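# Per-entry structural report
The residues making up each chain are set out below.
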2 protein chains.
Amino acid sequence: MENFSYHNPVKIIFGRQTIAQLANEIPANAKVLMTYGGGSIKKNGVYEQVKAALAGFDLLEFGGIEPNPHYETCMKAVELIRKEKVAFLLAVGGGSVVDGTKLIAAAVSFAGNPWDIVARRAPFASALPIGVVLTLPATGTEMNGNSVVTRAATQEKLSFSSPLVYPKFSILDPETTYSLPPRQISNGVVDAFVHVAEQYMNPPANAPLQDYYAESILKVLIEEGPRALSAPQDYNVRANVMWAATMALNGLIACGVPQDWSTHEIGHELTALHGLDHGQTLAVVMPGVWRTLRAQKFDKLLQMGKRVFGIAGGSPEERVEAAIDATENFFRSLGTKTKLAEYGLDETVIEPVAQRFAARQHPFITPDMVRKVLRQRL
Amino acid sequence: MENFSYHNPVKIIFGRQTIAQLANEIPANAKVLMTYGGGSIKKNGVYEQVKAALAGFDLLEFGGIEPNPHYETCMKAVELIRKEKVAFLLAVGGGSVVDGTKLIAAAVSFAGNPWDIVARRAPFASALPIGVVLTLPATGTEMNGNSVVTRAATQEKLSFSSPLVYPKFSILDPETTYSLPPRQISNGVVDAFVHVAEQYMNPPANAPLQDYYAESILKVLIEEGPRALSAPQDYNVRANVMWAATMALNGLIACGVPQDWSTHEIGHELTALHGLDHGQTLAVVMPGVWRTLRAQKFDKLLQMGKRVFGIAGGSPEERVEAAIDATENFFRSLGTKTKLAEYGLDETVIEPVAQRFAARQHPFITPDMVRKVLRQRL
């Protein structure tokens, strides 16, 4: 096991009717800005629950944060916050609303160009406190310090990470997910699955507890993901998917083990350049990454095949192929396409993505690796 | 899944040579009191590592905290702290040193009788900040707000819990455990196993991730525990046992599920009255608790039997018995005795333990239940 530090101070409040606890978690005299997305919270009752819970608060609103939150939109919120002297941000929505709110929180008192926080990982000294009401299980942002933001003007989708943008608390009421469209549930399950894979499908590090934990999350996603689609109002199913997605990226399964993240990095380019949903890009890219980096992922593919999918027969080579196929088939069983052609994309998409990594000098995601990965995914 | 809150702000610093990082974690101008136990840290190099790491600090010492830390000893530390105006406590040792230090931290500014913190769960408003250098994997106290303290004068062993005594940080260097006697390793593995069981071996709550996580910890303890005895200087084995013990009682696997703790409560009395090690009492008591509460633990005993011990054949009744036997045999394989007679105790111990629960009005640990449990363990 490698040395590690783990420090995750996010308070999770999980369960039915928990939005009502909001007022206990926000300083009584703080001027609060509620951030949200395209307005689904006004249709599913969450907006009313938040307003009711914060009836006594000085509460402003900023809606319209897009999926793959735009830097440009976030900067409008920053302007409002500075003008109104907001002291607390409450992100109400899915991963994009939370991620955008994290950039907003960091940018408010940042002296330089806030895009540098993302593009150059510029350090920042403080951030406004954030609370979260999560309505979509997927990204894990509710229990980490990560944020992914898109600059619409340049079609760049980039991430930053800081303990300063850990939410102070995150409220997770599985009932708020009942009204999600099936595509968002599928995307969320795929996203959580791939989060686990980025931290697990790597050379063994003699860390059996981390391995078992990662496999635990995968098993819950495989067992409960399809049920979340077939029985959308089954509370326990939604609760289990929601908790699994949070646990997939709160740092715990990364303790003491190597990580990858190339599926995410390559996938981000497909979103930035072609508008695929985040989860869709992951389902397309990951089988290609696994086959391209097959040698270093071999032992863990065997292990996952056996422990997660119950693959026992055949040679090790055959079992590894079967494990990759089983993963792709699981994504497809959720209704998520896994080939570029299914999204109307052909081989012309490959070179522009590869070129984006030419400048980046990533330790192992080279243009040539990107070409190898995506050529398999046509 | 039941509603829950989870908030664990303890920073874990894990790995080789991590004691050297101490100075980064303690406020530079704080007067520090290092608390420790019987002096093993002076033989295994830990004391020197701490002194070297804190060379620039105003550092006082308080040694002699016993296994099953005595309230009376803790009060001497409180006196010293008040006199010397200590601002930070650094507990260096195993669970007893950390637990004692938690009571010390809470008692320093407590206006009433500090024993009430334990005996009456009296609320307290503040506590001195605590840091931990852990040298014995067992109790999980390094990542929770729990403390168990013994009053020597009245032979009472009782616990309290508060978020105010969460350690600010805990440093876990598996190499510090190389010199532990086998009995302490065995006790620690049993303790961690039973911590998991108290949170897992209960009626199913439709919380598959929590179940898989609990089983993950059990499997690691079963796989790595015996190796920790046979290969005491295998770094990865010690690291895996240490991390498993921490994860066994940091609140995570308790999220959204019912808990028991009767094995601990009954076991505490055997320590308080007869001086058995904590781990020894658990190995004696738990099989009796499982058989006494067999109906409510039936489904999970079956599940653990299958998933953890690979028990497949026979009727459900037989598999449940086999699961209990497999657990007891695991304890015995670590060299831990599991019957009262093996500790020279007979049926005369039962009634005094039962009587202690007569006054306590515990929701389900009644004198009659205690009698049933212990009669099976002669």
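Please refer to the structure placed before this passage.
Since the model is a prediction, treat every value here as computed from it, not as a measurement.

Let us look at the overall build of chain A. Helix and strand content of chain A: 15 helices and nine strands. Over its C-alpha atoms chain A spans a radius of gyration of 20 Å, differing by no more than 12% from the 21 Å that the globule rule assigns to 378 residues. Seen along its three principal axes, the alpha-carbon backbone of chain A occupies a region of about 65 × 45 × 45 Å. For chain A, with 378 residues in total, the buried portion stands at 54%. Looking at chain A alone, contacts between residues at least 24 apart form 77% of all its contacts between residues at least 6 apart.

What follows is about the sheet that holds strand β9 (residues 169–172) of chain A. Two orientations exist for strands paired in a sheet by backbone hydrogen bonds: parallel and antiparallel. Taken together, the seven strands give an open sheet; going across it, the order is β4(A)-β3(A)-β5(A)-β6(A)-β9(A)-β2(A)-β1(B), and neighbouring strands pair in mixed fashion. Each of the sheet's edge strands pairs with one partner strand only, and the pair in question is β4 (59–62) of chain A together with β1 (4–6) of chain B. Recorded for the sheet is a direction-independent mean angle of 15° between the axes of neighbouring strands. For strand β3 (residues 32–35) of chain A and β4(A), the ladder comprises four bridges, and the chain directions are parallel. The residue of β4(A) that forms the bridge with Leu33(A) is Leu60(A).

Moving on, we come to helix α12 (residues 294–307) of chain A. Residue and element names in this part refer to chain A. For α12, built from 14 residues, the straight-helix expectation of 20 Å at 1.5 Å per residue is met to within 8% by its first-to-last C-alpha distance of 18 Å. Lysine 300 marks the point of greatest bend in α12, at about 35°. When we look at burial in α12, the residues that qualify are Lys297, Lys300, Leu301, Met304 and Gly305. Close packing links the buried residues of α12 with α7 (182–200), α8 (208–230), α11 (278–292) and α13 (316–333).

Okay, the relation of the copies chain B and chain A next. For the pair chain B and chain A, the superposition axis carries a translation of 0.0 Å, the fit reaches an RMSD of 0.0 Å, and the rotation angle comes to 180°. On this basis, the relationship between the two copies can be described by a two-fold rotation axis. For chain B, the minimum C-alpha distance to the rotation axis belongs to Pro9(B) and amounts to 2.0 Å. A high fraction, 100%, of the interface residues of chain B reappear at the interface in chain A, so the copies pair face to face through one surface.

What follows concerns the packing of helix α14 (residues 350–358) of chain A against helix α15 (residues 367–375) of chain A. All names here are of chain A. With their axes 8 Å apart at the nearest point, α14 and α15 run at an angle of 150° to one another. In terms of their interaxial angle, α14 and α15 are classed as roughly antiparallel. You can see that α14 and α15 cross each other, and the crossing is right-handed. Listed contacts from α15 to Ile350, Val353, Ala354, Gln355, Phe357 and Ala358 of α14 are Pro367, Val370, Arg371, Leu374 and Arg375. Residue composition of the contact of α14 with α15, grouped by class: eight nonpolar, one polar and two charged.

Bringing the interface of chain B and chain A into the picture now. Across the boundary between the two partners, chain B contributes 31 residues, which contact 31 residues of chain A. At the level of elements, β1, β2 (11–14), α7 (208–230) and α8 (235–248) of chain B are the ones that each hand at least two residues to the side of chain B that touches chain A. For the side of chain B that touches chain A, the leading source of residues is α7(B), giving nine residues. Class assignment of the residues belonging to the side of chain B that touches chain A gives a composition of 17 nonpolar, ten polar and four charged. Across three bridges, the pairing between strand β1 (residues 4–6) of chain A and β2(B) is antiparallel. Each residue of the ladder has a partner; that of Phe4(A), found in β2(B), is Phe14(B).

Rules used throughout
- Residues numbered from 1 in each chain as written.
- Chains lettered and ligands numbered in written order.
- Predicted model: local features only at pLDDT ≥ 70, side-chain atom pairs only at ≥ 80, totals over all residues.
- Helix = DSSP H or I, 4+ residues; strand = E, 2+ residues; numbered from the N terminus.
- Rg over C-alpha atoms; globule rule 2.2 N^0.38 Å.
- Buried ≥ 20, exposed ≤ 12 C-beta atoms within 10 Å, placed from the backbone.
- Contact = placed C-beta atoms within 7 Å.
- Pairing = 2+ DSSP bridges.
- Axes fitted to C-alpha atoms, helices over the stretch in contact; angles between N-to-C directions.
- Expected span 1.5 Å × (residues − 1).
- Bend = angle between axes of the 7 residues up to and from the residue.
- Least-squares fit on C-alpha atoms with pLDDT ≥ 70 in both.
- Parallel < 35°, antiparallel > 145°, perpendicular 65-115°, else oblique.
- Left-handed = near helix turned anticlockwise from the far one by under 90°.
- Nonpolar A, V, L, I, M, F, W, Y, C, P; charged D, E, K, R; others polar.

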